[in-house]
Amino acid sequence: MKYFGIIGENEELVHNALSYLHATNIIVIKKNIISFETEFHHRLQTCASLIKWGIVLDHQTLEKKIISDTVGVADNKFGVHLKKQFNLLKRFKLVELIHTDLEIKNEGQEVVSLGENIYGLVQGYQNISLYETIDFNKPVGGMGIGMMPSKLALTLINIGVGEYEDLSSSTVQNGQLTIRDPFCGFGTTNFLANHLGYNTIGSDINTTQAKQNRKRRINKTLSQETVKSFFLKQDVTKELKSPIFRHATIIVSEGRLGNTVTSRTAPATMHMYASQVQTVYTVFAKNLTEYQKDKKPVTLIMTIPVWLKYEISISQTILEQFASLGRTARLIEQPYSREKQLVGRQILIANFL
Ligand SMILES: C[S@@+](CC[C@H](N)C(=O)[O-])C[C@H]1O[C@@H](n2cnc3c(N)ncnc32)[C@H](O)[C@@H]1O
């Protein structure tokens, strides 16, 4: 089956989503629109860098699939064309390609022009089923200071699963994977990973926040009863001892961002924060290498903070440290950041074989 996707701006994230989908025959149709084939269509809904997705159809097949009397289209000319072609259509509504129109999503259908006589019928919107059950700004019911954006957690999980499959050269079922977040804080990664059907282990130097959120996390409507989550205390700069970490197949973490930064933070202070974060990451990599000796492969997906307004970079040193430990590590260079943020993040991908 041929699919199309309306994609976001970050090419590397889109590339990772396509690899997670094992997409083939990828064609860039126009700005923000691609078509591809995949056998993993059940994964489409969790690809944060696909804004919308659906099936590619010719004129006749589309005619059979139009069942509502209103369609959403991106431009007037295309709307007029559709109305002329399909008798059933009473109305079209202009919708933005990269946004979700609630009326169309709930009561209509959205059609995208993919070329002459080739149409895309939207079937899903970015993580919309998750968005409907989880407030992505408050994934565990309340937004604590330092809690990561769920969309980022979801992106990291997807990259991790795709990478791990490449590493182990097989397709793995959700139940076989255990995702560990070694800087789990409130447990956002664990919460989302459970929701997606993965077992999880959360650890942190301080487990107060994870404990605080435990009740909300186990809310039956949001978590699956079949998956398990363990939380324990562990400083990543200290030797890993608990055998429980052995169950982790993928490590997904926002990591440590450093102290809070404002526009008044002095550059010298920033350098100090950067060096603290760098030390935590590099000692963590060393301990993990030690722990993974003779154990099964583990993929690590973590973010490295980038202090956007200060041009301080620690990623190169961290990559060099990983290389000196014999680990293959690479970065998604374009920082993930939100408007008005002072700290963005680069995504680090490393494999511990
Ligand atoms: C940016 S927060 C992560 C927040 C988390 N992603 C969430 O959504 O709640 C960083 C976390 O790293 C933890 N941390 C800092 N240094 C650590 C260390 N050496 N070992 C383990 N955890 C550490 C902090 O306690 C904090 O919870």
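Use the structure listed above.
Residues numbered from 1 in each chain as written. Predicted model: local features only at pLDDT ≥ 70, side-chain atom pairs only at ≥ 80, totals over all residues. Heavy atoms only, no water.

A.B. asks: Where do I start with the sheet that holds strand β10 (residues 199-204) in this structure?
C.D. replies: Where strands meet in a sheet, backbone hydrogen bonds hold them as pairs that are either parallel or antiparallel. The sheet built from seven strands is open, its strands ordered β11-β10-β9-β12-β13-β15-β14 with mixed pairing. With one partner strand each, in any of the chains shown, β11 (229-233) and β14 (328-336) form the two edges of the open sheet. Across the sheet, the axes of successive neighbouring strands diverge by a mean angle of 20 degrees, strand direction being ignored. Note that strand β9 (residues 178-181) and β10 share four bridges and pair parallel. Bridge pairing in β10 places Arg180 opposite Ile201. Set on the sheet, helix α1 (residues 11-20) makes contact with β14 and β15 (343-352); between it and β14 the angle comes to about 125 degrees. Its contacts with the sheet place helix α6 (residues 150-168) against β9, β12 (250-253), β13 (298-307), β14 and β15, and it is angled at close to 140 degrees to β13. (Pairing = 2+ DSSP bridges. Helix = DSSP H or I, 4+ residues; strand = E, 2+ residues; numbered from the N terminus. Axes fitted to C-alpha atoms, helices over the stretch in contact; angles between N-to-C directions. Contact = heavy atoms within 4.5 Å.)

A.B. asks: What is the right way to read the nonpolar core from this model?
C.D. replies: Soluble, globular proteins show a tendency: their nonpolar side chains are buried together. Ranked by internal contacts, the top residues of the largest apolar core, which has 50 residues, are Phe36, Leu62, Leu82, Val111, Ile157, Tyr198 and Ile347. Tallying contributions element by element places α6 first for this core, with eight residues. Residue assignment places this core across two domains, with domain 1 (2-129) and domain 2 (134-352) each supplying three or more. Those residues in contact with Ile157 that sit more than four places away from it in its chain are Ile179, Thr189, Leu192, Ala193, Leu196, Tyr198 and Val252. Core analysis: the second largest hydrophobic core is formed by 37 residues, Leu232, Val277, Tyr281 and Tyr291 among them. (Core = buried A, V, L, I, M, F, W, Y, C linked by side-chain atoms within 4.5 Å. Buried < 20%, exposed > 50% of the residue type's maximum accessible area, 1.4 Å probe, protein only. Domains from an automatic or database assignment.)

A.B. asks: Before we go on, may I ask you to explain the environment of Leu44 in this structure?
C.D. replies: With respect to the helices and strands, Leu44 occurs in the loop between β3 (33-37) and β4 (50-58). Note on Leu44: relative accessible area 1%, which makes it buried. In this structure, the C-alpha to C-alpha distance between Leu44 and Gly54, residues 10 residues apart in sequence, is 9.2 Å.

A.B. asks: Is there a simple way to think about the site of the ligand in this case?
C.D. replies: As a matter of local geometry, the ligand sits amid 19 residues, with Phe186, Thr188, Asp204, Asp235 and Glu254 nearest to it. With respect to the ligand, the side chain of Asp204 contributes an N or O atom lying 2.6 Å from an oxygen atom. Contact between the ligand and Ile205: a nitrogen atom at 3.2 Å from a main-chain N or O atom of the residue. Contact with the protein chains hides 87% of the accessible area of the ligand, taken as 600 Å² for the molecule alone. Among the residues forming the shell around the ligand, the class breakdown is eight nonpolar, seven polar and four charged. (Near = heavy atom within 4 Å. Polar contact = N/O pair within 3.5 Å; in protein donor to acceptor, adjacent residues only side chain to side chain. Areas by Shrake-Rupley, 256 points an atom, 1.4 Å probe, with all protein chains shown as cover. Nonpolar A, V, L, I, M, F, W, Y, C, P; charged D, E, K, R; others polar.)

A.B. asks: It is not clear to me how the side chain of Thr207 should be interpreted in this structure. Could you clarify?
C.D. replies: With respect to the element layout, Thr207 can be found in the loop between β10 and α8 (208-212). The class of Thr207 is buried, set by a relative accessible area of 9%. Setting aside residues no more than four positions away along its own chain, Thr207 makes contact with Leu232 and Lys233.

A.B. asks: Explanation requested: the side chain of Thr155 in the structure shown.
C.D. replies: Tracing the backbone shows Thr155 in helix α6. Its relative accessible area of 9% is what places Thr155 among the buried residues. Beyond its immediate stretch of four places on either side in the chain, Thr155 contacts Leu13 and Ala48.

A.B. asks: Would you take a moment to explain the packing of helix α10 (residues 267-292) against helix α11 (residues 315-324) for this structure?
C.D. replies: Two packed helices can be described by the angle between their axes and the distance between those axes. Two elements in contact, α10 and α11, have axes separated by 10 Å at closest approach and are oriented at 15 degrees. The pairing of α10 with α11 is recorded here as roughly parallel in orientation. By crossing handedness, the relation of α10 to α11 is classed as right-handed. Where α10 abuts α11, its residues Gln278, Tyr281, Thr282 and Ala285 lie against Thr317, Ile318, Gln321 and Phe322. A breakdown of the residues in the contact of α10 with α11 according to their chemical character gives four nonpolar, four polar and no charged. (Parallel < 35°, antiparallel > 145°, perpendicular 65-115°, else oblique. Left-handed = near helix turned anticlockwise from the far one by under 90°.)

Interpretation note: all reported values are geometric properties and have no functional meaning in isolation.
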